[in-house]
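# Structural features, examined
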Amino acid sequence: MSKLRIAVIGANGQLGTDLIKVFSKDSDIQLFPLTHKDIDIVDKNTINQVINRIKPDIVINTAAYHRVNDCETNLEKAFLINAFAQKNLAEYCSQQNSVLVYISTDYVFGLDRKKTTPYKETDSPGPLNVYGLSKLTGEYFTRYICKKYFILRSSGLFGLKGSSLKGGNFVETMLKFAHEKMNVRVVNDQFLAPTYTVDLAKQIHKLIKTDSYGIYHASALGECSWYTFAKEIFKITNTKVHLIPITSKEYYTPAKRPLYSVLGNENLKNLNLNIMPDWHIGLKNYLIEKDYI
Ligand SMILES: NC(=O)c1ccc[n+]([C@@H]2O[C@H](COP(=O)([O-])OP(=O)(O)OC[C@H]3O[C@@H](n4cnc5c(N)ncnc54)[C@H](OP(=O)(O)O)[C@@H]3O)[C@@H](O)[C@H]2O)c1
């Protein structure tokens, strides 16, 4: 039987690195890691040249412009990378009958300021910021152009590599702050499910082996505020710090954030495919892997 040919775009990013690690353990897969040096997905000609050489059965796109605040003032760049580059990939995959995997975000939600229960895939999106809007457009291009696609919305990613664009992740930022500052102030009115990229990579691996195409919420189970998340990081690592809960109003950011963007993984659960653990487990595994505990 021939191997499944899978191209991973953003292969040296935070999620991409773990996708490569997880997928390379599967002997049924022939993997083609593509970094930004190998391919610029904004350029349609490059896509045709580079990906055509590979002729993948599946293309996984992890590339994004996801500096949420910067997206507000760089709207064109956000749409170019998060939406129009995804459109380029969708057109390629549709023509070649390849499967396209798009990694999206909980930030496609947020407009409903009264929401207190996890979002289902059937809930209407409503972004609050340019980043969410551009990713949602990327989703719609994918759905509009491709027949065979997986869109996975996840949230608050942290992985060993750290986000290349953001220069780290929330866990590392908190530990750094704790060593540098007397007081660490973290918002306590934005709720999410922080997700370890190894867990997401394993979930993607499981899902793409099926032909149950569509939209999936794929974040860790459970929920917490950023403050509670920070508190748990400090508790597990036994870090002594004065942690102060604050409100979003006290912490101005150019981009508005959802007060509640927890995803319920409903579709994965309904298909008996959900392997995402609770966020506490993901965090502990991350800290062990980093040798912090
Ligand atoms: N981080 C989060 O909290 C979070 C939450 C929910 C969803 N997501 C989504 O999850 C995905 C992965 O996030 P991540 O944290 O792994 O991001 P990341 O670490 O920044 O990785 C993105 C990768 O894409 C590459 N890239 C950027 N622009 C490109 C382009 N035009 N062509 C080809 N490659 C390009 C980057 O390479 P260079 O660094 O060399 O430019 C980098 O290797 C993104 O789609 C993001 O929207 C992230």
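The preceding data block contains the structure.
To start, this report covers the structure provided alongside it. Just so we're clear, the structure is a prediction, and the values are computed from it rather than from any experiment.

## Some remarks on the site of the ligand
Around the ligand, the structure places 27 residues, and the nearest of them are Gln-14, Leu-15, His-36, His-66 and Tyr-131. A distance of 2.8 Å separates an oxygen atom of the ligand from a polar backbone atom of Leu-15. Between an oxygen atom of the ligand and a side-chain N or O atom of His-36, the distance comes to 2.7 Å. With the chains in place, 89% of the 910 Å² that the ligand exposes on its own is no longer accessible. Elements supplying a minimum of two residues to the shell around the ligand: helix 1 (14–23), strand 4 (99–105) and helix 5 (130–145). In the shell around the ligand, the residues fall into ten nonpolar, 14 polar and three charged.

## Some points on the packing of aromatic side chains
Considering all chains together, one arrives at 13 aromatic pairs under this definition. Summarising the aromatic geometry, the rings of Phe-150 and Tyr-213 are spaced 5.2 Å apart at their centres and angled 55° between planes, so their arrangement reads as tilted. You can see Phe-150 sitting in strand 5 (residues 149–154) and its partner Tyr-213 sitting in the loop between helix 7 (197–208) and strand 10 (214–217), a full 63 residues away along the chain. Between the aromatic rings of Phe-158 and Phe-229, the centroid separation amounts to 5.6 Å while the plane-to-plane angle is 45°, which identifies the pairing as tilted. One end of the pair, Phe-158, is in strand 6 (residues 157–158); the other, Phe-229, is in helix 8 (residues 226–236), with 71 residues separating them in the sequence. Of the two residues, Phe-158 and Phe-229, neither departs from the other in class, the shared state being buried. Aromatic ring contacts, followed pair by pair, group Phe-158, Phe-170, Tyr-196, Trp-226, Phe-229, Trp-279 and Tyr-286 into a single cluster.

## Examining the nonpolar core
Ile-9, Ile-39, Ile-51 and Leu-89 are the most contacted members of the largest nonpolar core, which totals 35 residues. Residue assignment for this core shows that the elements contributing at least two residues are strand 1 (4–9), strand 2 (29–34), helix 2 (44–54), helix 3 (68–73), helix 4 (75–96), strand 4, helix 5 and strand 5. Excluding residues within four positions of it along the chain, Leu-89 makes contact with Ile-9, Ile-41, Ile-47, Ile-51, Val-59, Asn-61 and Leu-100. In terms of nonpolar packing, the next biggest core, distinct from the first, is built from 27 residues, Val-8, Leu-15, Ile-58 and Leu-200 among them.

## Details of the environment of Asn-74
Within the secondary structure, Asn-74 is located in the loop between helix 3 and helix 4. Taking C-alpha positions, Asn-74 is 29 Å from Asp-18, a pair spaced 56 residues apart along the chain.

## What to know about the pattern of salt bridges
Applying the stated rule across the entire model yields ten salt bridges. Note that Glu-180 and Lys-176 form a salt bridge whose closest N and O atoms lie 3.6 Å from each other. Residue Glu-180 and its partner Lys-176 are located together in helix 6 (residues 170–180), separated by four residues, close to a single helical turn. With a relative accessible area of 52%, Glu-180 lands in the exposed category. We classify Lys-176 as partly exposed; its relative accessible area is 48%. When salt bridges that share partners are traced, they join Lys-44, Lys-87 and Glu-91 into one network.

## Side note on helix 7
The terminal C-alpha atoms of helix 7 lie 16 Å apart, and with twelve residues this matches the ideal 16 Å at 1.5 Å per residue to within 8%. The element helix 7 is largely enclosed, with a buried count of ten among its twelve residues. Of the residues making up helix 7, those classed as buried are Thr-197, Val-198, Asp-199, Leu-200, Ala-201, Gln-203, Ile-204, His-205, Leu-207 and Ile-208.

Reading the values: the criteria
Residues numbered from 1 in each chain as written. Predicted model: local features only at pLDDT ≥ 70, side-chain atom pairs only at ≥ 80, totals over all residues. Heavy atoms only, no water. Near = heavy atom within 4 Å. Polar contact = N/O pair within 3.5 Å; in protein donor to acceptor, adjacent residues only side chain to side chain. Areas by Shrake-Rupley, 256 points an atom, 1.4 Å probe, with all protein chains shown as cover. Helix = DSSP H or I, 4+ residues; strand = E, 2+ residues; numbered from the N terminus. Nonpolar A, V, L, I, M, F, W, Y, C, P; charged D, E, K, R; others polar. Phe/Tyr/Trp six-rings, centres within 6.5 Å; stacked < 30°, edge-to-face > 60°. Buried < 20%, exposed > 50% of the residue type's maximum accessible area, 1.4 Å probe, protein only. Core = buried A, V, L, I, M, F, W, Y, C linked by side-chain atoms within 4.5 Å. Contact = heavy atoms within 4.5 Å. Salt bridge = Lys/Arg side-chain N within 4 Å of Asp/Glu carboxyl O. Expected span 1.5 Å × (residues − 1).

The analysis is restricted to geometry; functional conclusions fall outside its scope.
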